[in-house]
Every structure is written in C-alpha cells, then in structure tokens.
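# Residue-level structure breakdown
Here's the letter readout for the chains.
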Amino acid sequence: MSKKLMIMEKAIELFSKNGVESTSIQDITNACGISKGAFYLSFKSKDDLLVEITDYFIKKFIAVQNEILDDSIPVNEKLPKFFYYNFRLLEEHYSFISMCMRENFQPMNNEVIQKIKEFNTVHNEALLTIIHQTYGEKVEHFKYDLLLVVRGLLISYTEFITTHPRKYNFEQLANSLAEKVNIIAEHSTLHFVTEKLWNTKSASSFVEMVSKEHILYLLRQLEGQYKKTPLIDESIHLLMEELMKEKPRLAILSGLASNLQKNEDFSMVVFLVRQYVSDLQSVS
C-alpha cells in the first residue's frame, strides 16, 4: 500500500469515528505513525485530502457502473446488480458513509462540490443507459421519472440501512427493489419530468464532460503514473493519440477503454470514452 493511500484510509477511519471537523492533521499523522512533513508530501492540506477521498469514492462507484453497463451482463440482471453493487459498497465503507448521512455532511471545498456535481451527472447518465438497456423504447416517455424512482429507492434504503445497522441480505434487497421498479415500468401511464425539463440544467455540463478535450484533460492528469505497468501506460498514450485525430476510430477507442476498465483510477475516463463512442455511433 502506498503512503498516500494509507493516509487516506486512516483519515477515513478517523472521520468516521470523530467527524471531519473534529479530526486534525495531527490526529491523522499520529494514526499513521508519520510526521506532518510526510503528510504534506502527499497532500497540500486537509481540504486537499478531502478532495482525494471524494475522488476515491467516486472512482469506486463509477467502476461499478462501468461493470454493469458492459454488454456481457444480461439486461434482466442490470438493475438488480446496480442495487446490489451499490449496497455492497455501502457495506465496505459503512462507517464513513453512515457518518456523512448522519451528520448531513456538507463539504465547503469548491473542488469537492464540483466533483460531487460531476459524479451526479455521470451517475444519472449511467442510470439512463441501464434503464434503456433494461426496458428499451417502451419507457422512453417517462425514463426521467423512472430514473428518479431508482435514485429515490437507492437513497431511501441506504438511509434506512445506516440508521438500522445489522447484517443484511443485499441480494434479496436488490431483487426486491428491482421488482418494484419493474412494476412501475410495466404499469405506469403518466409522467411528470419531460426531457426539456430534465435538460434545463444538466445537459450542457454533461456534453462538456463527454468532449474529447475533457477526456484528454483527464488522461493527461494520469499520464506518467503507470510506467511500471506497460499495458496501462501504452493504452493511455494510444488513447490520447486516437482522441487527437480528427476522426478517431471508435473500435480502437472501445478496445483501449477496455484495457483500462479494471483500474479504478480510470473509471471516469472509461465511462466518458464509452459515452463518446455511443454518441458518435448514434449519429452515424
């Protein structure tokens, strides 16, 4: 384990136990058995640490979404797996997520807020894709209502689990929630959220995120960090080269994204590349 990851994991442990505001850098360095100087070699400040922790969790959630979006998963299993994997992540990081919900954690760091906004945008687009893969055109007119139903169930049951801690059968829970969504998808006749209403605020920001320029920006941030892992390092450079072409080859982009999928650091890149390819395929 790298020193940076050790600091993050110890910080998450202390934040879970004592709260973010009550945990000092000194508390974190004492728990890690390192000096403050060693801390500042990895993080500029506690705010910077919070940004990295936020990014750490976002990568995990997007990696789960990428796995579910993969064509190898049967369409009837996508929604149950979406619920199941999200609750498994809750179980793995129960103390910290429980603390965030219990204290109604509101980050003041602008970079943290921006990352959370970007994640919510990506989370929604991934869910829309899962809904389309599962139900097809028959839910097209009320897909945004269905998206809000899925998110509402996920948030409500997460809150219930964090306030009623015990061992749960997440497979049973996931199937139960998927059944509820199926009933709504099959029998709903009215809808409230139109595409125009939905896109009033969120559409332009997601378009910017799926642009070649933004994907290249994310790749440049990771460039040079994987020289000891030749497949990843080469895939990064080939992906950047392909994206810089006037007409990138979509099959090449998809293949290179697959090379990076197993590494959580690239979960956002993989999702955006696949969305970029999907968007170009839909207009060709």
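What you are looking at is a predicted structure, and each value in this text was computed from that prediction instead of being measured.

Close contact between helix H1 (residues 3-18) and helix H2 (residues 25-32) brings their axes to 9 Å; oriented N to C, the two are set at 120 degrees. Relative to H2, the element H1 lies oblique. For the crossing formed where H1 meets H2, the hand is right-handed. Between H1 and H2, the residues in contact are Met 6, Ile 7, Lys 10, Ala 11, Leu 14 and Phe 15 and Asp 27, Ile 28, Ala 31 and Cys 32, respectively. Of the residues that constitute the contact of H1 with H2, the class distribution is eight nonpolar, no polar and two charged.

Turning to the environment of Lys 117, a few remarks are in order. Considering the arrangement of structural elements, one finds Lys 117 in helix H7 (residues 110-135). For Lys 117, a relative accessible area of 51% corresponds to the exposed category. A sequence separation of 91 residues divides Lys 117 from Gln 26, and the C-alpha atoms of the two residues are 30 Å apart.

We now examine the packing of aromatic side chains. Throughout the structure, instances matching the rule amount to ten aromatic pairs. Here Phe 61 and Phe 119 contribute two aromatic rings whose centre-to-centre distance is 6.0 Å and whose plane-to-plane angle is 55 degrees, an arrangement assigned as tilted. Highlighted residues: Phe 61 in helix H4 (residues 46-69) and Phe 119 in helix H7, separated in sequence by 58 residues. The class of Phe 61 is buried, set by a relative accessible area of 18%. For Phe 119, a relative accessible area of 14% corresponds to the buried category. Counting every residue linked through ring pairs, the aromatic cluster contains Phe 39, Tyr 40 and Phe 43.

The rules behind the values
In this numbering scheme, every chain counts its residues from 1 along its sequence in written order. For this predicted model, a pLDDT threshold of at least 70 governs which residues receive local features, and a threshold of 80 or more governs which side-chain atom pairs are given and counted, while totals over whole chains, interfaces and linings are taken from all residues. Derived side-chain values reflect all non-hydrogen atoms in the structure, with water molecules and hydrogen atoms excluded from consideration. Only C-alpha atoms enter the line fits that serve as axes; for helices the fit covers just the stretch in contact. Angles between N-to-C directions range over 0 to 180 degrees. Secondary structure elements follow DSSP: runs of H or I of four or more residues count as helices, runs of E of two or more count as strands, with numbering from the N terminus. Throughout, the term roughly parallel applies to angles under 35 degrees, roughly antiparallel to angles over 145, roughly perpendicular to angles from 65 to 115, and oblique to all others. Working rule for handedness: look at the near helix, and if it is turned counterclockwise from the far one by less than a right angle, call the crossing left-handed; if clockwise, right-handed. Throughout, a contact is declared for two residues whenever any of their heavy atoms are within 4.5 Å. Think of it as three bins: nonpolar holds Ala, Val, Leu, Ile, Met, Phe, Trp, Tyr, Cys and Pro, charged holds Asp, Glu, Lys and Arg, and polar takes everything else, Gly as well. Exposure categories follow from relative accessible area, calculated using a 1.4 Å probe and restricted to protein chains: below 20% of the type maximum is buried, above 50% is exposed, and the middle band is partly exposed. Stacked, tilted and edge-to-face pairs are distinguished by plane angle, under 30 degrees for stacked and over 60 for edge-to-face with tilted covering the rest, among Phe, Tyr and Trp rings (Trp via its six-membered ring) whose centres lie within 6.5 Å.

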